[in-house]
Amino acid sequence: MDEYTLLIAAANTATFVTGGAVAALAYRAFRRTGSAALRAVAIGFSVIVAGSIGGALAHVGADNVALGVAIQSSCIAAGFTILLYSLYAETTTTTTTITLDRSGSGSESDLEFDSNASDPRSDSESE
């Protein structure tokens, strides 16, 4: 092993912990919403984390730095390709109709909400 082993181990550990956390959170969000884009984010980060682990195993287990770099670089490229896809994944627009009955007036009014519309309060400029 060489003088960079500790640095490589620390970087791979950080990649595993932070990338794994992002992948887990994206997967939880996918389970909650069913969004294909969030599923792709979870898969993309999982591939990056798997490449980090595979590269570390090749570096330490096989004592082959070049193989470890090749594995890790390939998985990072694949993971970022999946993340890029997630930005272009088609999302569906859900419209919810709520009927309000104003008791005593005998009239009803329908309101429609677009779940993908931005909050108008967030678009206002700060004063």
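Residues numbered from 1 in each chain as written. Predicted model: local features only at pLDDT ≥ 70, side-chain atom pairs only at ≥ 80, totals over all residues. Heavy atoms only, no water.

Brief notes about the overall build of the protein chain
Applied cut-off: Numbering goes from the N terminus for both helices and strands, where a helix is a DSSP run of H or I of at least four residues and a strand is a run of E of at least two. Between buried and exposed lies partly exposed: a residue is buried under 20% and exposed over 50% of the maximum accessible area for its type, with that area taken using a 1.4 Å probe on protein chains only. Contacts are assigned to residue pairs that have any heavy atoms within 4.5 Å of one another. The protein chains shown are the only cover counted for residues, whose accessible areas, like all others here, come from Shrake-Rupley with a 1.4 Å probe.
In terms of helices and strands, the protein chain carries four helices and two strands. Along the chain direction, N to C, the helices and strands of the protein chain fall in the order α-α-α-β-β-α. Expressed as a percentage of its 127 residues, the buried residues of the protein chain come to 20%. Contacts in the protein chain between residues at least 24 apart in sequence constitute 43% of all its contacts with a sequence separation of at least 6. Of the roughly 9,100 Å² that the protein chain leaves accessible, carbon and sulfur atoms contribute 61%.

Brief notes about the packing of helix α1 (residues 5-33) against helix α2 (residues 36-61)
Selection criterion: Angular values range over 0 to 180 degrees, each being the angle between N-to-C directions of two axes fitted as lines to C-alpha atoms, with helices fitted over their stretch in contact. In this scheme, roughly parallel covers angles under 35 degrees and roughly antiparallel covers those over 145, while 65 to 115 is roughly perpendicular and the rest are oblique. Crossing handedness: left-handed means the near helix sits turned counterclockwise from the far one by under a right angle, and right-handed means the same turn made clockwise.
Closest axis-to-axis distance for the α1/α2 pair is 8 Å, and the angle between their directions is 160°. Taken together, the axes of α1 and α2 are roughly antiparallel relative to one another. For the pair α1 and α2, the sense of crossing is left-handed.

Considerations on α2
Each turn of an α-helix holds 3.6 residues, which means side chains three or four residues apart point in the same direction. We apply this condition: In a helix, the anticipated span is given by 1.5 Å times the number of residues less one. Here a polar contact is taken to be a pair of N or O atoms separated by no more than 3.5 Å, where protein atoms must pair a possible hydrogen donor with a possible acceptor and residues adjacent in sequence count only if both atoms sit in side chains.
In a regular helix each residue adds 1.5 Å, so 26 residues correspond to 38 Å; α2 covers 36 Å between its end C-alpha atoms and thus fits that length. Within α2 the residues assigned to the buried category are Ala37, Ala40, Val41, Ala42, Gly44, Ile48, Val49, Gly51, Ser52, Gly55, Ala58 and His59. Its buried side turned inward, α2 meets α1 and α3 (65-88). For α2, the side-chain oxygen to backbone nitrogen distance between the N-cap and alanine 37 is 3.3 Å, and the N-cap itself is serine 35.

Some remarks on the environment of serine 73
Structurally, serine 73 can be placed in helix α3. The sequence separation of serine 73 and glycine 55 amounts to 18 residues, and the corresponding C-alpha distance is 8.5 Å.

Focus on the confidence of the model for the protein chain
Caution applies to low-pLDDT parts of the model: their predicted coordinates are not meant to be read in detail. Under the convention used in this document: Confidence per residue, as judged by the predictor, is encoded in pLDDT with a range of 0 to 100.
Summarising the model, the protein chain shows a mean pLDDT of 78, and 73% of its residues fall at 70 or more. For the stretch residues 119-127, pLDDT sits under 50, and the model shows one contact to residues farther than four places along the chain or on other chains.

A look at the nonpolar core
Soluble, globular proteins show a tendency: their nonpolar side chains are buried together. Counted only if it meets this: In this description, a nonpolar core means a group of buried Ala, Val, Leu, Ile, Met, Phe, Trp, Tyr and Cys residues linked to one another through side-chain atoms lying within 4.5 Å.
Counting five residues, the largest nonpolar core consists of Ala26, Val41, Ala42, Ile48 and Leu83. At three residues, the largest contribution of residues to this core is made by α2. The residues touching valine 41, leaving out its near neighbours within four places in the chain, are Ala26, Leu83 and Ser86.

Focus on the side chain of asparagine 12
Looking at the secondary structure, you find asparagine 12 in helix α1. Residue asparagine 12 is classed as buried on the basis of its relative accessible area of 9%. A polar contact is formed between the side chain of asparagine 12 and the side chain of serine 52, at a distance of 3.1 Å. A distance of 3.1 Å separates the side chain of asparagine 12 from the side chain of glutamine 72, its partner in a polar contact. Apart from residues no more than four positions distant in its own chain, asparagine 12 is found in contact with Ser52, Ala56 and Gln72.

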